[in-house]
Amino acid sequence: MENPEIIIKLTPDEALVLSDWLEQVQMTGLSRHIDDSAVWAPLHRIAGTLDKSLPGIFAADYAERLEAARRRLRPAPDDSASDDEDADA
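Trainee: Could you give an account of the packing of helix H1 (residues 12–27) against helix H3 (residues 62–73), naming the residues involved and the relevant values?
Mentor: Axes are the key here: two packed helices are described by the angle between their axes and the distance separating the axes. Contact geometry for H1 and H3: axes closest at 9 Å, N-to-C directions at 115°. What the angle tells us is that H1 and H3 run roughly perpendicular. Crossing hand, H1 versus H3: left-handed. Residues Asp13, Glu14, Leu16, Val17, Asp20 and Gln24 of H1 form the contact with H3, whose own contacting residues are Tyr62, Arg65, Leu66, Ala69, Arg70, Arg72 and Leu73. For the contact of H1 with H3, the per-class residue count stands at 6 nonpolar, 1 polar and 6 charged.

As structure tokens, then:
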């Protein structure tokens, strides 16, 4: 029998950045880029789960935490060069 749920694991940094992005999509004109209304049900579920799991989203230093998480998730400038070299090998 198949598992009826899919579990996705995120690091705290990934969860924080994704939560912020989902909030922006839901609250701004970015939502117009989602042309299938069926997509909203899982997006709202993911956003709600992240909100409940991330008490830091209500912290006074939220902006600093978010920016730090973004910096840690961004590839280092020299990572793209090594990725290109690996692809050529």
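Trainee: Hey, could you go over helix H2 (residues 40–53) for me, with residue numbers and the actual values?
Mentor: For H2, built from 14 residues, the straight-helix expectation of 20 Å at 1.5 Å per residue is met to within 8% by its first-to-last C-alpha distance of 20 Å. Among the residues of H2, those classed as buried are Trp40, Leu43, Ala47 and Leu50. Buried residues of H2, seen end-on, are gathered within an arc of 95° and therefore sit on one face of the element. Structural note: H2 exposes Ala41, Arg45 and Lys52 on the side pointing more than 90 degrees away from its buried face.

Trainee: Hey, could you go over the pattern of salt bridges for me, with residue numbers and the actual values?
Mentor: Scanning all chains against the criterion turns up 5 salt bridges. In this structure, Asp61 engages Arg65 in a salt bridge whose closest nitrogen and oxygen atoms are separated by 2.8 Å. Residue classification places Asp61 among the partly exposed positions, given a relative accessible area of 33%. In this structure, Glu67 engages Arg70 in a salt bridge whose closest nitrogen and oxygen atoms are separated by 3.9 Å. A residue pair is termed a helical-turn pair when its members lie 3 or 4 positions apart in one helix, as Glu67 and Arg70 do in helix H3 at 3 residues. For Glu67, a relative accessible area of 29% puts it in the partly exposed group. Assessed through its relative accessible area of 24%, Arg70 is described here as partly exposed. Counted as one network, the salt bridges with shared partners bring together Asp20, Glu67, Arg70 and Arg74.

Thresholds, definitions, all that
Residues numbered from 1 in each chain as written. Predicted model: local features only at pLDDT ≥ 70, side-chain atom pairs only at ≥ 80, totals over all residues. Heavy atoms only, no water. Axes fitted to C-alpha atoms, helices over the stretch in contact; angles between N-to-C directions. Helix = DSSP H or I, 4+ residues; strand = E, 2+ residues; numbered from the N terminus. Parallel < 35°, antiparallel > 145°, perpendicular 65-115°, else oblique. Left-handed = near helix turned anticlockwise from the far one by under 90°. Contact = heavy atoms within 4.5 Å. Nonpolar A, V, L, I, M, F, W, Y, C, P; charged D, E, K, R; others polar. Expected span 1.5 Å × (residues − 1). Buried < 20%, exposed > 50% of the residue type's maximum accessible area, 1.4 Å probe, protein only. Arc of directions from axis to C-beta. Salt bridge = Lys/Arg side-chain N within 4 Å of Asp/Glu carboxyl O.

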